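Chains, contacts and geometry: an overview
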Amino acid sequence: MHASNSSCSGDSLSDSTNQVCCGLVGRSRHAVVVQSPAKLNIFLEVCGKRPDGYHELDTVMVRTTFCDTLTVMPRDDQQLRLRFSDATTESLRHGVPLDHKNLILKAAEKLREFHGSSAPGADFVLHKQIPPESGLGGGSGNAAAALLACRTVWNLPTTDTELHSIAASLGSDINFLLSGCRAAVCRGRGEQIFPIPMTSRLFFVAVRPAQGNSTPDVFRRTRIPETPVSSTNIAQCLADGRTSQLDNLMFNRLTTAACEANTEMAELIARLQHLTRRPVFMSGSGSTVFIRCQSSLEARKLQSQVQQRLRVTAWHLEV
Ligand code: C5P
């Protein structure tokens, strides 16, 4: 499988759609293990509403080191079965379906259909760490991981371009996570990927309130601006490695609507701002919010300060 660790360095959409470089971490005779990373939207502008009901986006996504892990084993029959790893905590299982509503099984089924349903079945074991309804793209990353793993365990001739087209038909964030890019400007529904050549590392502390957000609800409540802000400056800033200037350029148009819908999240943002005296941003449609740090050490210190003082679970994410 050529879905190894090659980096995305292309700078055009046509290049990027041919790249699939998500994290295959291991393969035995029977199983494929794929890492399924979380993303953060460090910039998100809503440019308009489309006739198909989706919103036209201009967003910058970064791929983090915070991952679920998906293990896939081929079956002798045609069944597709999904279960959690024993180590997946009860709280993370909550709200994640294990039937055909899960994007892992939808992705596997679509890939099989694409090849005329001739492929056998598979067993999927999901070790979940990324909370659902958090704006971190957990479900989308799982779908990307399933596409890559199934192509390998079923030994299918699917091209990277075909895999991207199946990904786009399943959801808006899957293509970015399938691409394996560290950072990209994403347009259209979010499925058009323009990689940003980034060499610097980024450090964040992320916190999620107990209540998640409904993405359709947040989009419905959002007012579309007359003059959208462009991602050009933040993309250039990342490409130039001017990471200390990022705080002035990070932005998310969905924040106001998400705060209206989730007052617990709005309160969490205020408490984090008060505690840290730093800008706090939201990823995707929330409800995860995050703070950028200068270093890994600073992020670890802030993570423990936030956990102790606010009595919430905080994660230290790196890009
Ligand atoms: O594509 P995905 O399944 O992630 O989208 C979930 C929902 O979020 C969509 O059904 C739609 O209501 C909303 N959405 C949107 N515009 C986008 C992406 C998502 O309105 N660009």
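Since the structure is predicted, the reported quantities are computational estimates derived from the model, not experimental observations. For every chain, the first residue of its written sequence is number 1, and the numbers climb from 1 along that sequence. Local features in a predicted model are, by the rule used here, given only for residues with pLDDT of at least 70; side-chain atom pairs are given and counted only at 80 or more, and totals for whole chains, interfaces and linings are based on all residues. In computing side-chain properties, one takes all heavy atoms of the structure into account and sets aside hydrogens as well as water.

Observations regarding the pairing of strand β5 (residues 122-127)
Two faces belong to every sheet, and in a regular strand the side chains alternate between them. Note the following rule: Pairing between two strands requires that DSSP report at least two bridges joining them. Counting from the N terminus, the helices are the DSSP runs of H or I reaching at least four residues and the strands are the DSSP runs of E reaching at least two.
In terms of strand pairing, strand β3 (residues 55-74) meets β5 through 6 bridges, oriented antiparallel. Bridging from a neighbouring strand, T71 pairs with V125 of β5. Where strand β4 (residues 80-84) and β5 come together, 5 bridges link them in parallel fashion. When the bridges of β5 are listed, L80 appears paired with A122.

Observations regarding the site of the ligand
Here is the rule: To be near a molecule or strand, a residue needs just one of its heavy atoms within 4 Å of it. We define a polar contact as two N or O atoms separated by no more than 3.5 Å, with the added condition that, inside protein, one atom must be a possible hydrogen donor and the other a possible acceptor, whereas residues neighbouring each other in sequence contribute only through side-chain atom pairs. In this description, accessible areas are obtained by the Shrake-Rupley approach with a 1.4 Å probe, and a residue is regarded as covered only by the protein chains that are shown. For this classification, the nonpolar set comprises Ala, Val, Leu, Ile, Met, Phe, Trp, Tyr, Cys and Pro, the charged set comprises Asp, Glu, Lys and Arg, and every other residue, Gly included, is treated as polar.
Around the ligand, the neighbouring residues are G53, Y54, H55, L57, G171, S172, R189, T215, P216 and F219. R189 is positioned such that a nitrogen or oxygen atom in its backbone is 3.0 Å from a nitrogen atom of the ligand. In isolation the ligand offers 450 Å² of accessible surface; the protein chains occlude 74% of this area. Counting residues per element, the ones that place at least two in the shell around the ligand are β3 and α7 (215-221). The biggest single contributor to the shell around the ligand is α7, with 3 residues. Tallied by class, residues from the shell around the ligand come to 4 nonpolar, 5 polar and 1 charged.

Here we look at the packing of aromatic side chains
Rules: Only rings of Phe, Tyr and Trp enter the pairing, Trp through its six-membered ring, and a pair is recorded when the two centres are within 6.5 Å. The plane angle decides the type: under 30 degrees is stacked, over 60 is edge-to-face, the rest tilted.
In total, this model carries 4 aromatic pairs according to the counting rule given. Ring geometry for F66 against W315: centres 5.6 Å apart, planes inclined by 35°, an arrangement best described as tilted. A residue pair is termed long-range when its members are at least 10 positions apart, and F66 in strand β3 and W315 in strand β12 (residues 314-318) qualify at 249 residues. Here the aromatic rings of F204 and F290 are separated by 5.4 Å at their centres, their planes lie at 90°, and the arrangement is edge-to-face. Placement of F204 in strand β8 (residues 203-207) and of F290 in strand β11 (residues 289-293) is noted, with a sequence separation of 86 residues between them.

With respect to the domain arrangement of the protein
Put simply, the rule reads: Delimitation of the domains relies on an automatic or database domain assignment. Only heavy atoms enter the contact rule, under which two residues are in contact if any of them lie within 4.5 Å. Accessible-area loss on putting two parts together, using a 1.4 Å probe and summing over both, is the definition of buried area adopted here. Salt-bridge detection follows one rule: a side-chain nitrogen of Lys or Arg within 4 Å of a carboxyl oxygen of Asp or Glu.
Here the domain parsing of the protein yields domain 1 (24-195) and domain 2 (203-318). Here the C-alpha centre of domain 2 lies 23 Å away from the C-alpha centre of domain 1. In this complex, domain 1 contributes 28 residues to the contact, which on the side of domain 2 involves 32 residues. Summed over both partners, the interface of domain 1 with domain 2 buries about 2,500 Å², with 65% contributed by carbon and sulfur atoms. Linking domain 1 with domain 2 are 1 salt bridge. With a shortest N-O distance of 2.7 Å, R253 and E45 are connected by a salt bridge. For the pair domain 1 and domain 2, the interface holds 15 residue pairs in polar contact (both at pLDDT 80 or more). Counting only elements with at least two residues in the side of domain 1 that touches domain 2, the list comes to β2 (32-49), β3 and β6 (183-188).

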